[in-house]
Amino acid sequence: MRTLYLALKYLAVTLWSGFVIFPFLWMLTTSFKTANGVTGGATWLPWLQYQPSLGGWQSLFGGAGGVNIVKPYLNSLVVTLSGSAIALILGTLAAYGLSRFSFRAGPIRNGDITFFFISQRIMPPIVLAIPFFLMLRWLGLLDSLPGLILIYVALLMPIAVWVMVDFFNTIPRGLDEMAWMDGCPPVTTFLRVILPNVMPGLVVAGMFCLIFGWNDFFFAFTLTFTKTQLLPVSIVALNSSVTPWWALSAAAIVSVAPLAVLAFVVERFLSRGGLAGTVR
Amino acid sequence: MYRQKYIFLLPGLLVLVAVILFPLIFTIRVSFSSWDVYNPGLNYAGGAMYARLWEDSRYWEALWRLSLLSLSTVLIQYVLGFALALLVWRDIAARRFLRVLFLVPMMATPVVMSVIWRTIFHESLGPLNPILEALGIGAQPWLSQAAHAFAAVMIVEIWQWTPFMFLLLLAGLLSLPSEPFLAARIDGAGPVRTFLSVTFPMMGAISVGAILIRAIEASKIMETVYVLTSGGPGTATETVSYYIYIRGMRDFQIGYAAALSLTYLVIMAVALTLIAKALIRLMVRESRA
Amino acid sequence: MLVLRDLSLTEGGVPHLAGVSVEAEPGRMTTLLGRTGAGKTTLLRAVAGLVQPQSGQISLAGADWSRLPPWRRPVAMVTQQFINYPHLSVLDNVAFPLIRRGEPREAAREAAAAMLGRVGLAQMTGRRPAALSGGQQQRVAIARALVKRAPVLLLDEPFVNLDYKLREGLREELAELLQSQSGTVALYATTDPREALQMGDCTVLIAEGRVLQAGPPCAVFGAPATLAAARVVNDPPINLLAAEITQSGLVLDHLGPQSAGATGRALPPGRYTLGLRAEDIRSGGPLPARVALTEVSGSETVTHLVAGALPLVMLERAVTDHRLGSELGLMLDLGKALVFGADGALIPKGASHG
């Protein structure tokens, strides 16, 4: 009975692992193909079923018939990193304020303000797309990096607030008070005493910001056109019947690789119990 | 008491209010206009857009399709995610490697993966049909028939987002106290019994949280549909977000799209609240912890 | 001198402080004695600036503190829960306030090391507070509070979470350490009357947000001004006997008439309350009582008895084992009793009457 149970376990794990790897494997082999490897039907094994070439990879850098994703890649990097950084800073500050002090604006109190921040994530992108479009047009920031960064900051900040408020709440207020009595005004207290004690929170929040920032398609799609392009948009733009699959696959690998690395970081965090409490 | 506290809250709050709140209010105003390509600008059309929305069967069908799609995928993701979390929770070889592997899909850019899935589902050149033929199931008209297209979207969503559910549930499992499990072992409970009486009830609150978070994200689905099927064939996989995108961004009927969006937002908020309440009553009551 | 004048603080309809006035002199230990919830912590936090009283004034050497936020007040505080900076080493913990003040890092660290040596933690300077035991963590907190030589030192039941022996040892250390800081005003809050008696140069009794009495310990303990004060100041609790002085003499409510000169004083007829300390009741006397509970603590025994319908508490400075339910004869040394008038105020010995 026990061996049957064990066998089932490993079977299940194998099946799902296969399911997970399947598209990645396909991506990998396809990126090395040429027309011969594609038009005859699906092929998997290099040299045995098709002749591998680096054409797909080379085309990433431009050239005739190439797709040049270097610029979009860099744009994505800039927008994701700066958007996440700013969102993290503003969000952490706001979270600390909400955790420590009480605010009042008529009937609106701390809990409502926190809810306001977090509820932004519920907003379907489509609802925001039109106003964002009109707003950026009014500001003259359509199709530009700063415009996109502004939008990303607003979209990613709720994530930072959501994560950091919980982390701040686990730190006893006595610590703030001790710092005050040792001569630290609130801002100094925040920077020198509280912040060093919520580092794991910053890591988690930062990670989520990076993931959602890098992977965003919709807003980049609706708010940029020709001058500024982000990676996901440029890859989707390739998704016409003309574009060779090998270029597509190579671009996809390049796009997906950076965050796959994050999976390691997340797992380490998970195994150390870092994420307990994020699901309220 | 301390004036310095505003330094903390205001910068973030102001950005949020400026970037999201005002545009949202503006959208409400736009929904009462008939702004489109032919009459650009903010006129006043009363509730005309809303009246039109009421009659628009395509919209309501899209809503129905979205509900079907999200609820079924979230449910499947929950079951699979829970099973996976249990599998790599303990007592298994290469546990950490498997955890990393299972996490990867949710890190991969969804749109980009949808593009790849499109090549996979390709009926003549994609690798999926040959495998199905080899298994004896036969090639499927993945993207050219309604039910299959729907299934294709579901498969992609499940591949992409089960890891997310998996992550939340595994984090929950790892945070459970060990005493009840020791007690169950001493009482001689087998794995199934332990799961039903100990594990599942204790995960009640966490399950509700994970399902809700995932449901909220699932209801926004748009990118997969856009890339994989473009809402097709016909309107078979057209979800609300996609339909609004068509009306707003493609047809540029901004006034109408605004009305559609806001109605959608309200419906979703209400639906999610109801689902949340129902879930809490259903699942948290089970947990005695 | 630290002057607290008429401080009042109400939160959520509950008055935590109701017109509290205290004067504390530098170089002396002023203890705030009261039950849990009496307002001691609130008072200390008000002095620190962590809570704002709605009315009243706090001033040090004439300088008004009302407008100063905590980070501008020269106070140091040690709380019940061991609060140290988790992300800093023990040495950096103690050096922190000095560095914040602007002292050069090296000098600050040396001073911190010296102070840590004096509290016996010289070996632990490199560790993080979490790696230390409770007593050690509290000593770090004390070292940090003392190293900055603040004019006002606030201690809120600092040893209450530590074991008995540790408590005694640390009390002595603290007293020694304070010897060398003669300009410091020290406020020490406690619920333990014995601790207050031992530590303080001046004892302030607090109950329900009010000051009941203030003065040198012997005066406060020997002559509590009111019944409420007597209750606060005595542990084990004082026995309060309702009595009446009639033409024929003293009549205790539950115990009947007593011998004529029992109290050793002449009092006019009327209602009184006699306060008899637990140590002034002895076994081996005429009053029948049944044992309800016996607690042995150290080298003393506290016994709860019931005489008729009257509950009594007896303290013997010996370890005795009175069986539950057994009958004892008690002798009440009424000559030592405190006498309180009908209004609850103490009638001092030797006061003239009539």
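Refer to the structure presented above.
None of the values given here were measured: they were computed from a predicted structure. As a convention, each chain's residues are numbered from 1 in the sequence order in which they are written. Labels follow written order: the first chain is A, the first ligand is 1, and so on. For this predicted model, a pLDDT threshold of at least 70 governs which residues receive local features, and a threshold of 80 or more governs which side-chain atom pairs are given and counted, while totals over whole chains, interfaces and linings are taken from all residues.

Would you take a moment to explain the overall build of chain B for this structure?
Numbering goes from the N terminus for both helices and strands, where a helix is a DSSP run of H or I of at least four residues and a strand is a run of E of at least two. Each helix and strand counted, chain B has 13 helices and 0 strands in total. What you see in chain B, going N to C, is helices and strands ordered as α-α-α-α-α-α-α-α-α-α-α-α-α. Across its three principal directions, the C-alpha atoms of chain B cover 75 × 70 × 35 Å. Partly exposed residues are those falling between the two cut-offs: more than 12 but fewer than 20 other C-beta atoms within 10 Å of their own, whereas 20 or more means buried and 12 or fewer means exposed, with C-beta atoms placed from the backbone. For chain B, the proportion of its 289 residues judged to be buried stands at 43%. Taking all contacts inside chain B whose residues are at least 6 apart in sequence as the whole, residues at least 24 apart take part in 68%. Here the contact rule is simple: place C-beta atoms from the backbone, and any two residues whose C-beta atoms are within 7 Å are in contact.

It is not clear to me how the pairing of strand 10 (residues 210-215) of chain C should be interpreted in this structure. Could you clarify?
Residues in a regular strand point their side chains to alternate faces of the sheet. Residue and element names in this part refer to chain C. Inspection of the sheet shows strand 9 (residues 202-207) paired to strand 10 by 5 bridges, in the antiparallel sense. Paired with A207 across the two strands is R210, which belongs to strand 10. Counting the residues in the hairpin turn of strand 9 and strand 10 gives 2 residues, including E208, whose phi is positive at 50°. At least two bridges found by DSSP between two strands are what make those strands a pair.

Could you clarify how one ought to interpret the nonpolar core in this entry?
Generally speaking, nonpolar side chains in soluble globular proteins are found buried as a group. Among buried residues, those of type Ala, Val, Leu, Ile, Met, Phe, Trp, Tyr and Cys that are joined through C-beta atoms within 7 Å form a set called a nonpolar core. Core analysis: the largest hydrophobic core is formed by 260 residues, its most contacted members being A160(A), V47(C), L154(C) and L187(C). Among the elements that make up this core, the one with the highest residue count is helix 7 (residues 145-169) of chain A (19 residues).

Help me out: how do you make sense of the interface of chain B and chain A in this one?
In many reports, interface size means the accessible area that the parts give up when they come together. The interface is formed by 77 residues belonging to chain B together with 76 residues belonging to chain A. A per-element tally of the side of chain B that touches chain A places helix 1 (residues 5-31) of chain B first, with 15 residues. Three residue categories are used. Nonpolar comprises Ala, Val, Leu, Ile, Met, Phe, Trp, Tyr, Cys and Pro, charged comprises Asp, Glu, Lys and Arg, and polar comprises the others, including Gly. In terms of residue class, the side of chain B that touches chain A is made up of 58 nonpolar, 13 polar and 6 charged.

Sorry if this is basic, but what is going on with the sheet that holds strand 11 (residues 239-246) of chain C here?
Backbone hydrogen bonds are what pair the strands of a sheet, in a parallel or an antiparallel way. Residue and element names in this part refer to chain C. The strand order across the open sheet built from 5 strands is 13-12-11-14-19, with neighbouring strands paired in antiparallel fashion. The open sheet is flanked by strand 13 (256-257) and strand 19 (338-340), the only strands paired with a single partner. Both strand 11 and strand 12 (residues 249-252) contribute to a ladder of 4 bridges, which runs antiparallel. Looking at strand 12, one finds that A243 is bridged to L252.

In this structure, what is going on with the sheet that holds strand 16 (residues 300-307) of chain C? I would like to understand it.
Residue and element names in this part refer to chain C. Pairing within the open sheet is antiparallel, and its 4 strands lie in the order 17-16-15-18. Because the sheet does not close on itself, it has two edges, and the strands there are strand 17 (310-316) and strand 18 (327-332). Strand-to-strand twist of the sheet, defined as the mean angle between neighbouring strand axes without regard to direction, takes the value 50°. Of the strand pairs in this sheet, strand 15 (residues 281-297) and strand 18 are connected by 7 bridges, and their pairing is antiparallel. Note that in strand 18 the partner of R282 across the bridge is M331. Throughout, an axis means a line fitted to C-alpha atoms (over the contacting stretch in the case of helices), and angles, computed between N-to-C directions, take values from 0 to 180 degrees.

Help me understand helix 5 (residues 110-121) of chain B in this model?
Given 3.6 residues per helical turn, the α-helix brings residues three or four places apart onto the same face. All names here are of chain B. In a helix, the anticipated span is given by 1.5 Å times the number of residues less one. Here helix 5 spans 16 Å end to end across 12 residues, near enough to the 16 Å set by a 1.5 Å rise per residue. With 12 of its 12 residues buried, helix 5 lies for the most part within the structure. Within helix 5 the residues assigned to the buried category are P110, V111, V112, M113, S114, V115, I116, W117, R118, T119, I120 and F121.

Quick question: what am I supposed to make of the packing of helix 1 (residues 2-30) of chain A against helix 5 of chain B here?
When two helices pack together, you describe them by how their axes are tilted relative to each other and by the distance separating the axes. Look at helix 1 of chain A against helix 5 of chain B: their axes get within 10 Å of each other, and the N-to-C directions meet at 80°. For the element pair helix 1 of chain A / helix 5 of chain B, the angle class is roughly perpendicular. The segment helix 1 of chain A lies against helix 5 of chain B, with P23(A), W26(A) and M27(A) engaging M113(B), I116(B), W117(B) and I120(B). Of the residues assigned to the contact of helix 1 of chain A with helix 5 of chain B, the class counts are 7 nonpolar, no polar and no charged. Here the angle decides the label: under 35 degrees means roughly parallel, over 145 means roughly antiparallel, 65 to 115 means roughly perpendicular, and every other value means oblique.

I tried to follow the packing of helix 8 (residues 173-181) of chain A against helix 9 (residues 186-194) of chain A on my own but got confused; where do I start?
Residue and element names in this part refer to chain A. Remark: helix 8 packs on helix 9, axes separated minimally by 10 Å, with the N-to-C direction vectors making an angle of 115°. Helix 9 is crossed by helix 8, and the crossing has right-handed handedness. Facing helix 8, whose interface residues are L175, D176, A179 and W180, helix 9 presents T189, V193 and I194. Class assignment for the residues of the contact of helix 8 with helix 9 results in 5 nonpolar, 1 polar and 1 charged. For any pair of crossing helices, the crossing counts as left-handed if the nearer helix is rotated counterclockwise from the farther one by less than a right angle, and right-handed if it is rotated clockwise.

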